[in-house]
Protein chains: 2
Amino acid sequence: MSNESLQKEFAKVVGQDNVMTSESEMHAYSYDSAVLDQVSPAMVVRPTSSEALGQVVKLCNDNELKLTVRGAGTNLSGGTIPHPGGIVCLTTALNNILEINEEDLYAVVEPGVITAKFAAQVASKGLLYPPDPGSQAVSTLGGNVAENAGGLRALKYGVTKDYVMGVDFFDVNGELVKSGSRTVKCVTGYNLAGLMVASEGTLGVFEKLILKLVPPPKAIKSMMAEFDDVAAASQAVSAIIAAKIVPATLEFMDNFTIKTVENFRGAGLNTEAAALLLLEVDGHPAQVEDDAAQVQEICNKLGARQFTVAQDAKQRDAVWQARRDALPALARVKPTTVLEDATVPRSKIPDMMQALKRIAREYKLTIGTFGHAGDGNLHPTILTDKRDTQEWERVEKAIDEIFDVALDLGGTLSGEHGIGIAKSKFMHQEHGLAAIEYSRRMKSVLDPKDILNPGKMLGPLLA
Amino acid sequence: MSNESLQKEFAKVVGQDNVMTSESEMHAYSYDSAVLDQVSPAMVVRPTSSEALGQVVKLCNDNELKLTVRGAGTNLSGGTIPHPGGIVCLTTALNNILEINEEDLYAVVEPGVITAKFAAQVASKGLLYPPDPGSQAVSTLGGNVAENAGGLRALKYGVTKDYVMGVDFFDVNGELVKSGSRTVKCVTGYNLAGLMVASEGTLGVFEKLILKLVPPPKAIKSMMAEFDDVAAASQAVSAIIAAKIVPATLEFMDNFTIKTVENFRGAGLNTEAAALLLLEVDGHPAQVEDDAAQVQEICNKLGARQFTVAQDAKQRDAVWQARRDALPALARVKPTTVLEDATVPRSKIPDMMQALKRIAREYKLTIGTFGHAGDGNLHPTILTDKRDTQEWERVEKAIDEIFDVALDLGGTLSGEHGIGIAKSKFMHQEHGLAAIEYSRRMKSVLDPKDILNPGKMLGPLLA
């Protein structure tokens, strides 16, 4: 079919206004939040109904058009970068919260609902949707599920996967597949909803998500501990977990990040501290008191020079604003920001911190490290300029080495950012070739023309 | 290959002592805990190492031998009933706990480890493995994962799925596929570990499981509420959840079950109560006090005639022994016990209870109902005699109707017992044909000769 006829076909399905082909629009959808080359699609379509979404999938498959579905494009591994000349399908018009069930503690949403809007709506009903990825203000729930997004609260509450009760999705033929349930227990059929989580748009296109909600904690306490020594801070992380305390949040910031954040907004952080731990404990008021006291004792024992408890909502917000500023603040330092998320078992955080220091020195790079220390998911952030080809070569070597160290420590390539294009070539190092072959076999039969977000996760499949 | 040559091949792999072919042995492995016809295998093999397990899988695939892997055979949906003339592979010799990591809160086990033994070992290290299926004293962790076993604590702690961090499994060619991680966050590759959960031995053979552990609660309180009215008891269930209390356990027993349990062991239950709720709250001591008080207030408000709090470990054990006696006690009443587990959103428990009463009356059947009311997962238990063909016809109609009602109420065919052979013909009613087709496509490429526990979950695939 000619390009023009295709446009007409798509216009029939989604309406003329929702088919875009101009150069500037193609440019706008040629990248996401990963540091990767831009790739322009041939067309961007924006279905405004479930039915139209299914028809878009079918039209792409019938015409062997490569399809990349995206919401806000906050992806950090290139998962929403289109295939050259492919179709981008926007979920932004599929943004209805269909149900918030307060009795049975679940919600049903369309994939284009924005995470933070959803969380606020849930909160207004007196409930909690815990996953809080850094991009929550703009990211969509469909993207969160496709990437199994994490966030600050993952330590206690788990990640997006732990809140997906069901996914209705279109298979490559545009048939609607239902999986999971509105019940908290369900073993009917394969765990397809579980398989959809983190599948990066390569196995189906989400139509509807059933998400689990929980009662919110009755009390919350935020704390900040300052250390003169990175090793002591990272030992405190392990010691807190070993003491069987499960904070909602346990975040780390190194001195470089502290300084940069302070520079960015003047958050009142101590720029002389070698490392900060930002903590939040929540639950029953008495438990919160006990946990906070124990956390303070552990931090002091390990040599914290200062321990501050937020006294009110304003102070609490200041702590978390500082943490949320880490990435935007670092990103301003140099033209290119490479945000890594290789993850290790939490007891290996001290080893990982040491290795990062060595790698920065060896490759003469500026690395600011912050992140979810409590679940072993640090974000070493390399600040560089991709146009400086010599430095960029060193950056690539440093990334390789960060992966090697993480895997040697029993860790994983990606805790929450996904594989996408950025890490697909490293996959075999973690799970071996048999796992990739098994996955490719699945993909080959579920998407025989390889049109669903091709090249992501498993690398190129068809020549 | 002749039967004799095959035996020799298997003997080379697992040792002569671990190949069984006698009639009595074949009989012993011809059934599980579901009410279904017996099917004798041709051979039973018992590998004593991971390597041998992989070779068994390969040998079966090379020779197109149907393979059913089983642990204790406590399966309630026929998932461990072999294929006629197929191979049964026992995991009972693969029973090593390879690691309990107290710092990083995970364990690595072989599939044949017995659930309760594992839980006890974990408890001895001051940690908790929450999933506690009814058969835990004999069931194996491999079986628990293959069926996504639930249990009494699922309301607060979730089911087996929620504790599976990784699964290493043999694909049908005997290649070892690694999935998941020892880290709490991992998005490297497809969620194959999640796909293995509840896959009933049809997509791979487990070699090793990585299971999540949690810190145990500091305090526990067990309670019992007696009601004169089933409706009031089931309303109390909804009211407790609506009050944002999440008990660890919230179990229900109807009068018939109470009487039968009392008859069985003399547990001291009030045989005049129309219904009992058995509850446990756990967590921080202050939270436990608050939750218990609120639960009592709700039960009293809804007309509980008696509310008892266990005062010590002995009283607590008595409560839970009574609950655990429910199934064995009911099973003694008549020759055939059909234990159902259709599940509804918890707010629909009152509707489900009413429907069960009507169905028992309409089909003139004895149904004792007990189970996990807190998560909508009741166990209506039909007491019958399969040899009474007239009554058995009514039983089958009643089961059909229980499924219809559960699905009409937004529920699921099976909360925790699995699909196996027993429910595969009902699958399309819940998820539609597209979901079954999608699953069959997967199965067809991952197991092209259909040798991995054929006929389970998706029904017969190849003619």
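Residues numbered from 1 in each chain as written. Chains lettered and ligands numbered in written order. Predicted model: local features only at pLDDT ≥ 70, side-chain atom pairs only at ≥ 80, totals over all residues. Heavy atoms only, no water.

- Per an unreviewed UniProt entry, the recorded name for chain A is FAD linked oxidase domain protein, and the organism is Desulfonatronospira thiodismutans ASO3-1.
- UniProt lists a comment for chain A under the heading Sequence similarities (unreviewed entry), and it reads "Belongs to the FAD-binding oxidoreductase/transferase type 4 family."
- What UniProt records for chain A under Cofactor (unreviewed entry) is the sentence "FAD". (UniProt positions renumbered as here; feature names shortened; annotations may be inferred.)

**Things to note about the pattern of salt bridges**
As a working rule, side chains carrying opposite charge can pair if their charged atoms are close by.
Stage number 1. This structure, assessed with the given rule, holds 50 salt bridges over all chains.
Stage number 2. Taking the shortest distance from any N to any O, the salt bridge between Lys185(A) and Asp375(B) comes out at 3.4 Å. Of this pair, Lys185(A) sits in the loop between strand S8 (176-180) and helix H7 (192-196) while Asp375(B) sits in the loop between strand S15 (366-372) and strand S16 (377-384), on two different chains.
Stage number 3. Among the residues examined, Asp375(B) registers a relative accessible area of 3% and is labelled buried.
Stage number 4. The partner of Asp37(B) in a salt bridge is Lys386(B), and the shortest N-O contact between them spans 3.6 Å. You can see Asp37(B) sitting in the loop between helix H2 (23-28) and strand S2 (43-45) and its partner Lys386(B) sitting in the loop between S16 and helix H13 (389-408), a full 349 residues away along the chain.
Stage number 5. For Asp37(B), a relative accessible area of 59% gives the class exposed. (Salt bridge = Lys/Arg side-chain N within 4 Å of Asp/Glu carboxyl O. Helix = DSSP H or I, 4+ residues; strand = E, 2+ residues; numbered from the N terminus. Buried < 20%, exposed > 50% of the residue type's maximum accessible area, 1.4 Å probe, protein only.)

**Side note on the interface of chain B and chain A**
Stage number 1. Facing 84 residues of chain B, the contacting portion of chain A comprises 84 residues.
Stage number 2. Surface buried jointly by chain B and chain A totals about 6,800 Å² across both partners, of which 61% is contributed by carbon and sulfur atoms.
Stage number 3. Along the contact surface separating chain B from chain A lie 30 residue pairs in polar contact (both at pLDDT 80 or more).
Stage number 4. If you list the elements that add at least two residues to the side of chain B that touches chain A, you get strand S8 (176-180), helix H7 (192-196), helix H10 (285-301) and helix H14 (427-446) of chain B.
Stage number 5. Looking at the side of chain B that touches chain A, the element that brings in the most residues is H14(B), giving 13 residues.
Stage number 6. Grouping the amino acids of the side of chain B that touches chain A by side-chain chemistry returns 35 nonpolar, 31 polar and 18 charged. (Contact = heavy atoms within 4.5 Å. Buried area = accessible area lost by both parts, 1.4 Å probe. Polar contact = N/O pair within 3.5 Å; in protein donor to acceptor, adjacent residues only side chain to side chain. Nonpolar A, V, L, I, M, F, W, Y, C, P; charged D, E, K, R; others polar.)

**Looking at the packing of helix H8 (residues 230-242) of chain B against helix H12 (residues 349-362) of chain B**
All names here are of chain B.
Stage number 1. It is at 8 Å that the axes of H8 and H12 come closest, and there the two elements cross at 155°. In terms of axis orientation, H8 runs roughly antiparallel to H12. When the axes of H8 and H12 are compared, the crossing they make is right-handed. Contact residues: Val230, Ser234, Gln235 and Ser238 in H8; Ile349, Pro350 and Met353 in H12. (Axes fitted to C-alpha atoms, helices over the stretch in contact; angles between N-to-C directions. Parallel < 35°, antiparallel > 145°, perpendicular 65-115°, else oblique. Left-handed = near helix turned anticlockwise from the far one by under 90°.)

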